[in-house]
Amino acid sequence: MSGAEQVARIAKESFDASQLLDSSERHNALVALKHALTASKDEILAANQQDIEQAAKEQVAAGKMSSSLLKRLDLLSSADKYDSMLQGILDVDALPDPTGQVTYARTLDDGLELHRVTCPIGVLLVIFEARPEVIVNITALAIKSGNAAILKGGKESLHTQNVMSRVIQAALSTTSLPPAYIQTVSSRDEIASLLSQDRYIDLVIPRGSNSLVKSIQNGTRIPVMGHADGLCAVYVDESAVEAKAINVVVDSKTTYSAACNSAETLLVHESLLPTLWPKLASALLSANISLRCDPSTLSALSSSALSSSHPSFSSLVVPSTPEDYSTEFLDLILAVKSVPSLSSAIQHINTHSSHHTDSIVTENDAHAKAFCRGIDSAGVYVNASTRFADGFRYGFGTEVGVSTGKTHARGPVGLEGLVIYKYQVRSTAAQGHGTAVFGSGEGQRPFLHTPLPLGAAPF
């Protein structure tokens, strides 16, 4: 048996064993996890700095890693990043149990009931790049939702992963959950082997670059949930007001340009080119955003006072290429295009976007409604930044990733996206129930299909 097969088999055995435990044991595990990570903070941060000094900075210098990816790796890139990670565990723990909930219930016959009950998916294989806090986020979500997980981070965070993995398994060993309920693997060869373990692994969730996600989607028979690109757009409608447009567009691009929910494309109604557009462009240039403009938006700026008044105009405002409107920059770059109508904006977004999250800035309710109905994306916003597309902001506690697919889960995937359901049929009749007595023939009887109350599973 290969090492990867053993990891997968043990994960499946751990999952099976966990299903016989009361859900309160998952709460105990999350409390133990939070305490262990709090106690080990200094050791984890030291390992994280070792990753940054020994591997990451060398890769940045060699052009193999972007500075934005380096920031994602650093657990000290903001003062509260580590504490926020720990708070995420408590937030997840405080959420309602997503398992054991009845979502459909019918009386089929006297003494015969049908219940559709939520249950865990099984064994998750989660593959991600940088961002070591993802280990904790996914561990918390997996435990709360009743799923076992195998985690694989990028080589750039290997030291951090190793320490976190040891701390997590030590915490689990103090609970009723098996320590192997959460496992980490470190080599790329192990991933290739794990992707063939469809006997044991139920779902693959990749978080990372376009190339990473596509290679996984093309290399496994296991279902894959995730997104390859975060190509988000904001459309400034003809009725948009200045202050609102500036706030939404600037926030969508600047608060974290390397995030998958950062705007990459700006569409502006052509009637706004001589009025609102130069003011919006000025706000973006002040945030050091490079604007790649189509001929119409470029001409409008070139003939405005902005061209001579802004010191970085000539370097930051450049002509766009067709490829710019299908590019996830993950940087301080925005592709800009004018459109003649709402329908043109919708058509452009549906053609070029990755179906992640798109927003309209408008004062026209009919246009807002048409945009929400017409845009084929997981998130569709009105007068709100695309950066709201996040499990924490949605109240999920945290998220395992963002799905742009159209089956099972879509958008930020929290606890509800990590459960599926099973149908439970129970007979309380003295003789049990068989199907032969039901039908439309003589002496047969119809099904009742009477609705029953929803809530917790009866058994």
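Residues numbered from 1 in each chain as written. Predicted model: local features only at pLDDT ≥ 70, side-chain atom pairs only at ≥ 80, totals over all residues. Heavy atoms only, no water.

**Details of the environment of Gly 219**
- On the secondary structure map, Gly 219 appears in the loop between helix H9 (210–217) and strand E7 (232–236).
- Judged by its relative accessible area of 44%, Gly 219 falls in the partly exposed class.
- In this structure the C-alpha to C-alpha distance between Gly 219 and Leu 195, which are 24 residues apart in sequence, comes to 7.0 Å. (Helix = DSSP H or I, 4+ residues; strand = E, 2+ residues; numbered from the N terminus. Buried < 20%, exposed > 50% of the residue type's maximum accessible area, 1.4 Å probe, protein only.)

**Details of the pairing of strand E12 (residues 357–361)**
- Buried residues dominate E12, accounting for five of its five residues.
- Of the two faces of E12, the one lined by Thr 357, Ser 359 and Val 361 and the one lined by Asp 358 and Ile 360 are each fully buried.
- Strand direction decides the pairing type here: E7 and E12, joined by four bridges, are parallel. Pairing of Val 234 across the sheet is with Ser 359, part of E12.
- For E12 and strand E13 (residues 379–382), the ladder comprises four bridges, and the chain directions are parallel. Following the sheet pairing, Thr 357 is matched in E13 by Gly 379.
- Where the polypeptide runs from E12 across helix H16 (residues 365–374) and back to E13, its parallel neighbour, the crossover connection is right-handed. (Pairing = 2+ DSSP bridges. Right-handed = clockwise from strand over helix to strand, strands pointing away.)

**Regarding the packing of aromatic side chains**
- A full pass over the atoms with the stated rule returns three aromatic pairs.
- Judged by centre distance (5.6 Å) and plane angle (85°), the rings of Tyr 394 and Phe 396 are edge-to-face.
- Given the relative accessible area of 36%, Tyr 394 is considered partly exposed.
- One residue, Arg 445, lies across the ring of Phe 438, its end atom 5.2 Å from the ring centre. (Phe/Tyr/Trp six-rings, centres within 6.5 Å; stacked < 30°, edge-to-face > 60°. Lys NZ or Arg CZ within 6 Å of the ring centre and 35° of its normal.)

**Looking at the environment of Ile 289**
- By secondary structure assignment, the location of Ile 289 is in the loop between helix H11 (276–286) and strand E9 (290–293).
- Sequence-wise, Ile 289 and Asp 331 are 42 residues apart; in three dimensions their C-alpha atoms are separated by 8.6 Å.
- For Ile 289, the residues in contact, after removing those within four places along its chain, are Lys 253, Thr 254, Leu 284, Leu 316, Leu 332, Ile 333 and Leu 334. (Contact = heavy atoms within 4.5 Å.)

**Some details on the domain arrangement of the protein**
- Taken domain by domain, the protein holds domain 1 (3–225 + 411–418) and domain 2 (232–397).
- A separation of 34 Å is found between the C-alpha centroids of domain 1 and domain 2.
- Residue-level contacts link 11 residues of domain 1 with 14 residues of domain 2.
- Of the roughly 820 Å² buried where domain 1 meets domain 2, counting both sides, 60% is carbon and sulfur surface.
- Applying the counting criterion to the domain 1 and domain 2 interface returns zero salt bridges. (Domains from an automatic or database assignment. Buried area = accessible area lost by both parts, 1.4 Å probe. Salt bridge = Lys/Arg side-chain N within 4 Å of Asp/Glu carboxyl O.)

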